[in-house]
Amino acid sequence: MSMSRMKTALVALGATFTIVAPPLHAQDFDLTVENIMRGPELVGTAPRALRGGGFFGGGGGFSWSPDSRYVYFRWKQPGVDTGAVIYRVEARGGRPERLDDVDADKILAGAAVWSPDRKQAIFAVGGDLVLWRASGSRYITRGAGRESSPSWSSDGQIVYYQRDGNMFALNLANTELRQLTDIRRGAAPKDAKKASAQRKFVTGEEERLFEFIRDGEFEKQPWGRRPAEPDSTKPQPFYPGQNKSVQGMRVTPDGEFVLMTISERARDSKRITLPVWINPEGYVTTYTGRAKVGDEQGKLRAAILEVATGKVTFVGDSVGEGERSINGMAVSRNSRHALVRITSDDDENRWLAVVDLPSLETRVVDERHDAAWIGRMLSFTMGFLPDGETVYFGSEKTGWSHLYTVPAAGGDPKALTSGEWEVQGARLSTDGRTFYITANRDGFAEVHFYTLPANGGKLTRITSAMGRQDASVSPDGRWLSMSHSEANHPPELYIQENRAGREMRQITESTTEEWRRGSWIKPEIVMIRARDGVEVPARVYRPAGNVAAEGSRPAVIFVHGAGYLQNVHNWWSNYYREYMFHHLLASKGYTVLDMDYRGSAGHGRDWRTAIYRHMGGQDLTDQVDGAKWLVENMGIDAERIGMYGGSYGGFITLMAMFTTPGVIKSGAALRPVTDWAHYNDGYTSNILNDPQEDSLAYERSSPINFAEGLEGNLLIAHGMLDDNVLFYDTVRLTQRLIELGKKNWQVAMYPVERHGFQQASSWTDEYSRILKLFETTLK
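Residues numbered from 1 in each chain as written. Predicted model: local features only at pLDDT ≥ 70, side-chain atom pairs only at ≥ 80, totals over all residues. Heavy atoms only, no water.

**Considerations on the overall build of the chain**
For clarity, the cut-off: Comment: elements are numbered from the N terminus, with helices defined as DSSP H or I runs of at least four residues and strands as E runs of at least two. In this description the radius of gyration comes from C-alpha coordinates, and the expected globular size is given by 2.2 Å times residues to the power 0.38. Accessible area is worked out with a 1.4 Å probe on protein chains only. A residue is then buried under 20% of its type maximum, exposed over 50%, and partly exposed in between. The contact criterion used throughout is that any non-hydrogen atoms of two residues lie within 4.5 Å. The accessible surface values rely on the Shrake-Rupley method and a 1.4 Å probe; as for residues, cover is taken only from the protein chains in view. The charged-residue count follows a simple rule in which Lys and Arg add positive charge and Asp and Glu add negative charge, with His and chain termini not counted at all. By convention, charge coordinates are those of NZ in Lys, CZ in Arg, CG in Asp, or CD in Glu.
Along its length, the chain carries 15 helices and 45 strands. Taking 28 Å as the expected radius of gyration for a compact globule of 779 residues, we find that the chain reaches 30 Å, a close match to that expectation. For the C-alpha atoms alone, the extent of the chain along its principal axes is close to 115 × 65 × 60 Å. A total of 779 residues make up the chain; the buried ones form 53% of that total. Across the chain, contacts joining residues at least 24 apart in sequence account for 59% of those joining residues at least 6 apart. Carbon and sulfur atoms make up 48% of the accessible area of the chain, which amounts to about 34600 Å² in all. Side-chain charges of the chain comprise 92 positive and 97 negative groups, with the mean position of each set lying 2 Å from the other.

**Some details on the sheet that holds strand β44 (residues 713-719)**
Selection criterion: Two strands are counted as paired when DSSP detects at least two bridges linking them. In this analysis an axis means a line fitted to C-alpha atoms, helices contributing only their contacting stretch, and an angle means the value between N-to-C directions, from 0 to 180 degrees.
Taken together, eight strands build an open sheet; the order of strands is β38-β39-β41-β40-β42-β43-β44-β45 and the sheet is mixed. Strand pairing shows two members of the sheet lacking a second neighbour, β38 (524-529) and β45 (745-750), which therefore form its edges. Between one strand and the next, the sheet's axes are offset by a mean angle of 25 degrees, whatever the strand orientation. One ladder, built from four bridges, connects strand β40 (residues 553-558) with strand β41 (residues 591-595); its direction is parallel. Residue pairing for β41: Val-556 is matched across the bridge by Val-592.

**Side note on unusual backbone geometry**
The step from Leu-357 to Pro-358 runs through a cis peptide bond, and the omega angle for that step is 10 degrees. Positive phi is not limited to glycine here, since Ser-68 has a value of about 65 degrees. In this fold, Ser-68 is placed in the loop between β2 (63-64) and β3 (70-76). Here Ser-68 falls in the buried class, since its relative accessible area comes to 4%. Unlike most non-glycine residues, Asp-347 shows phi in positive territory, near 60 degrees.

**Thoughts on a nonpolar patch on the surface**
What counts here: A patch is a set of surface residues, each over 30% in relative accessible area and not in a salt bridge, joined within 9 Å for like charges and within 5 Å for the nonpolar side chains Val, Leu, Ile, Met, Phe, Trp and Tyr. Here a salt bridge means any side-chain nitrogen of Lys or Arg lying within 4 Å of a carboxyl oxygen belonging to Asp or Glu.
The grouping of Trp-277, Ile-278, Val-284 and Val-752 at the surface amounts to a nonpolar patch, some 380 Å² of accessible area in total. Note on placement: Ile-278 falls in the loop between β18 (271-276) and β19 (285-291).

**Things to note about the environment of Phe-757**
With respect to the secondary-structure elements, Phe-757 resides in the loop between β45 and α15 (760-777). Spatially, the C-alpha atoms of Phe-757 and Glu-396 are 35 Å apart, while their sequence positions differ by 361 residues. Non-local contacts of Phe-757, meaning those with residues more than four positions away in its chain, are made with Gly-719, Tyr-750, Ser-762, Trp-763 and Glu-766.

**Things to note about the sheet that holds strand β36 (residues 489-497)**
One open sheet accounts for four strands, arranged β34-β35-β36-β37; its pairing is antiparallel. A single partner strand is all that each edge strand has here, and the edge strands are β34 (468-473) and β37 (504-506). Adjacent strand axes in the sheet meet at a mean angle of 30 degrees, parallel and antiparallel pairs treated alike. By the bridge criterion, six bridges tie β34 to strand β35 (residues 479-486) in an arrangement that is antiparallel. Note on β35: the bridge partner recorded for Arg-468 is Ser-485.

**Description of the side chain of Arg-505**
Definition in use: Within 3.5 Å is the distance limit for a polar contact, defined as a pair of N or O atoms, with the added protein rule that one can donate a hydrogen and the other accept it, and that residues adjacent in sequence qualify only through two side-chain atoms.
For Arg-505, the position within the fold is in strand β37. Nearest to the buried, unbridged Arg-505 among oppositely charged side chains is Glu-503, at 7.0 Å. Only 3.0 Å separates the side chain of Arg-505 from the backbone oxygen of Glu-90, close enough to count as a polar contact.

**Some points on the pattern of salt bridges**
Counted by the stated rule, this structure contains 44 salt bridges. The shortest N-O distance in the salt bridge between Arg-38 and Glu-41 comes to 3.6 Å. A salt bridge links Glu-708 to Arg-736; the nearest nitrogen and oxygen atoms lie 3.9 Å apart. Linking Glu-708 in the loop between α13 (695-701) and β44 with Arg-736 in helix α14 (residues 727-740), this pair joins segments that are 28 residues apart in sequence. Classification of Glu-708 as partly exposed rests on a relative accessible area of 43%. Accessibility expressed as a relative area gives 30% for Arg-736, which makes it partly exposed. Salt bridges linked by common partners bring Arg-368, Asp-370, Glu-396, Arg-605, Asp-606 and Arg-608 together as one network.

**A look at the packing of helix α10 (residues 618-633) against helix α11 (residues 648-659)**
Put simply, the rule reads: Here is the rule for angles: anything less than 35 degrees is roughly parallel, anything more than 145 is roughly antiparallel, 65 through 115 is roughly perpendicular, and the remaining ranges are oblique. Amino acid classes used here: Ala, Val, Leu, Ile, Met, Phe, Trp, Tyr, Cys and Pro are nonpolar; Asp, Glu, Lys and Arg are charged; the rest, including Gly, are polar.
At a closest axis distance of 10 Å, the pairing of α10 and α11 adopts a crossing angle of 70 degrees. As the angle between them shows, α10 and α11 are arranged roughly perpendicular. In this structure, α10 contributes Asp-619, Leu-620 and Gln-623 to the contact, and α11 contributes Tyr-648, Phe-651, Ile-652, Met-655, Ala-656 and Thr-659. Split into classes, the residues belonging to the contact of α10 with α11 amount to six nonpolar, two polar and one charged.

**A few points about α10**
Which entries qualify depends on this criterion: One fewer than the residue count of a helix, multiplied by 1.5 Å, yields its expected span.
With 16 residues, α10 should reach 22 Å at 1.5 Å per residue; the first-to-last C-alpha distance of 22 Å fits that figure. Within α10, burial applies to Asp-619, Leu-620, Asp-622, Gln-623, Val-624, Asp-625, Gly-626, Ala-627, Trp-629 and Leu-630. In this structure, the buried residues of α10 make contact with β38, β39 (535-541), β40, β41, β42 (636-646) and α11. Just downstream of α10 lies Gly-635, where phi reads positive at about 70 degrees.

**Side note on the nonpolar core**
The following threshold applies: The set of buried Ala, Val, Leu, Ile, Met, Phe, Trp, Tyr and Cys residues whose side-chain atoms join them within 4.5 Å is what this entry labels a nonpolar core.
Core analysis: the largest hydrophobic core is formed by 54 residues, its most contacted members being Ile-557, Leu-593 and Trp-676. Of all the elements, α11 adds the most residues to this core, at eight residues. Excluding residues within four positions of it along the chain, Ile-557 makes contact with Leu-593, Gln-623, Ala-627, Leu-630, Ile-641, Gly-642, Met-643, Tyr-644 and Ile-664. Core analysis: the second largest hydrophobic core is formed by 37 residues, Trp-515, Val-556, Trp-572 and Ala-717 among them.

**With respect to the confidence of the model for the chain**
Segments scoring low in pLDDT should not have their predicted coordinates read at a detailed level. Our working rule: Each residue gets a pLDDT score, which is the predictor's confidence in that residue and runs from 0 to 100.
Confidence in the prediction of the chain, expressed as mean pLDDT, is 91, and 93% of residues score 70 or more. Low pLDDT, under 50, characterises residues 53-60; the stretch is placed with 22 contacts to residues that sit more than four places away or in other chains.

**Examining the packing of aromatic side chains**
To keep it simple, the criterion reads: Between 30 and 60 degrees the pair is tilted, below 30 it is stacked and above 60 it is edge-to-face, where a pair is any two Phe, Tyr or Trp rings, Trp via its six-membered ring, whose centres lie within 6.5 Å. Geometrically, a lysine NZ or arginine CZ counts as sitting over a ring once it is within 6 Å of the ring centre and also within 35 degrees of the ring normal.
For the structure shown, the criterion picks out 34 aromatic pairs. Centroid distance Phe-29 to Trp-520: 5.2 Å. Interplanar angle 75 degrees. Geometry classified as edge-to-face. Note that Phe-29 is positioned in the loop between α1 (3-6) and α2 (33-36) and Trp-520 in the loop between α7 (513-516) and β38, a separation of 491 residues in sequence. Of the two residues, Phe-29 and Trp-520, both sit in the buried class. Taken together, the aromatic side chains of Phe-558, Tyr-575, Phe-581, Tyr-644, Tyr-750, Phe-757, Trp-763, Tyr-767 and Phe-774 make up a single cluster linked through ring pairs. Lying across the ring of Tyr-139, Arg-142 places its NZ or CZ 3.8 Å from the centre. Above the ring of Phe-168, the side-chain terminus of Arg-163 is found at 4.5 Å from the ring centroid.

**Let's talk about the packing of helix α8 (residues 576-587) against α15**
In plain terms, the rule: A clockwise turn of the near helix away from the far one marks a right-handed crossing, whereas an anticlockwise turn of less than a right angle marks a left-handed crossing.
One way to put it is that α8 packs onto α15 with a least axis distance of 12 Å and a crossing angle of 35 degrees. α8 and α15 meet at a crossing whose hand is right-handed. Counted together, Arg-577, Glu-578, Phe-581, Leu-584 and Leu-585 of α8 and Trp-763, Tyr-767, Ile-770, Leu-771 and Phe-774 of α15 form the full contact between these two elements. When its residues are assigned to classes, the contact of α8 with α15 shows eight nonpolar, no polar and two charged.

**Here we look at the side chain of Asp-694**
Looking at the element boundaries, Asp-694 is found in the loop between α12 (681-688) and α13. A residue is classified by how much of its surface remains accessible, and Asp-694, at 8% relative accessible area, is buried. Looking at Asp-694, its side chain comes within polar contact range of the side chain of Arg-613, at 2.6 Å. Excluding residues within four positions of it along the chain, Asp-694 makes contact with Arg-613, Leu-688 and Asn-689.

Laid out in structure tokens, this is it:
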């Protein structure tokens, strides 16, 4: 990785604010475990979209009204609201307006589906569909069923939508409603075709033999009637099959075809059973959770239904080799093509196939192979440009996630973006002329909003403030509503004109006055050279107060969880309780190091896949090299280094304690994976393959196999309702440590907590134990 990639911006340019927080007075803030583990009660609650998620899933993007006048959002204003309340603010200026008595389902804002001429929009609210026009709005569906997934015909006269598992077409001009599909459950009735043929034969024989029937005399009798002729306007039933169901549907704009995703459930998969220890019944109850890695998994296939005939054809099955699954479909605006995303079961191959309509001729327009596994970032970004003949998609083919186009007829892909940086999100504008992009082009520690012509050209950076910006563009394309945060301040709502260099206007201040009294720093970002010469990014919290003499100082290494996650950056961390805890540690004389070890997000494909077939390999040696850096550069005593982390961070803590003797004196492993053979399939099989096929990868990656190496002081903490990393993991490791006769270890159990703790009392207890561990063993 080049040094230029590792440079980060230290100055924020062009950002102005209309709300200014009071100055900080650190002496007035109670920096204790009990206080900081209160979470939102202390820090505040960031504003969020009125309904649905953010623009790119990064916590940003708010709900625009269709006329682009207002931004709607939910907000718990500190000192004013006791819960999340609906607010709105004008894009042009003004203060947030609190809407106390407004039903959220009455507000048209957020995810709108615009007509081809962009003069009409459909909103799905409260299970019904509402049509918006500049002249007004009206319900176009109203009933017991829940309508969803609306789309438009190519002429803007018909709205397609899903209800009760089927697709419908509503003509707005004459209100004619037509059912396009008749999806039934399970397999077709046995011998249905045989019975139909037999009955047709018998009926024909009756007419051939008897003039009484041929002349219509039978029908004149009181009991006489013929079976009704089939209704040609009613769709033919489709039975997906046993253990199968239709998960997603989309109608082509001409209304002639329906694209379907067919899910097949795993038949022989064994799922875990989890006990619920504390409950109103007073008895232990159970619920069923996930399956384990390597067990049978469900499949997804793609099918195209011809509306006129009811004929269903599975597509994409002939693409590639081995077991495959369909996990993405799109349709062109001219209704001439469908696009199907196909991946191999080992996630090492991905094909994009164009299916011509109506011929159903299929061809691969892009193929991607990764010897480790296909990355998820931008991987599901795909579709057609407005011409209907150009496919766009995301790919890591250069080692960095970027945006490409390729002719639907086939040909060489064209890169729209390139370089040693990542496009983290891309969305085509309503008019199809512009891509709205979120990327870290200007340094791994910054994420900004950019625009790019759909056919390629100059990438223009629109935002300029230090930190992260997740933006949603107003329907008219003029404004941005953004979730902006910095390393020492949680996300807030901002509005800016969608032009480079424009002011960014702050709308909300969600932090509490108490929290603002804390002296919250922006952690220093440093580069640590690992043993293989690669520079690993890290955050450093320097000690404050009475600092021990150089060479005798204690340090703590924090290991972020989630594996593929980024925590070294200039925006607000998901680990905000830990962020405050690190201030507490620093106030007690500790140096705290937080690394984006190999496997973390934000640094390209090679960084992501460095842990392939060996978790606890390079991701662990990066931590060990970080410990060495602390000793050589920060005056740390090599015998006074602690480590802690949750989930993947707990796993790394165990591996460090078990396999690198003398490096970590004391460690706290929170909700740790102890044996990867018991984790889920979607995550684990990508990195370690299946246990029955790659036992070596599991053997060298699972801490339970190295428990005999424990020498230091170990705390394990785990929620007993954890359905992600099972409490079972800690139980099995506990028995292993007992049988090995190990000392200086302890387990803290939390009976009402799942993977992410919810109770402030549990957070407080857990982190009080972590602090006590470090205070009693590292000083």
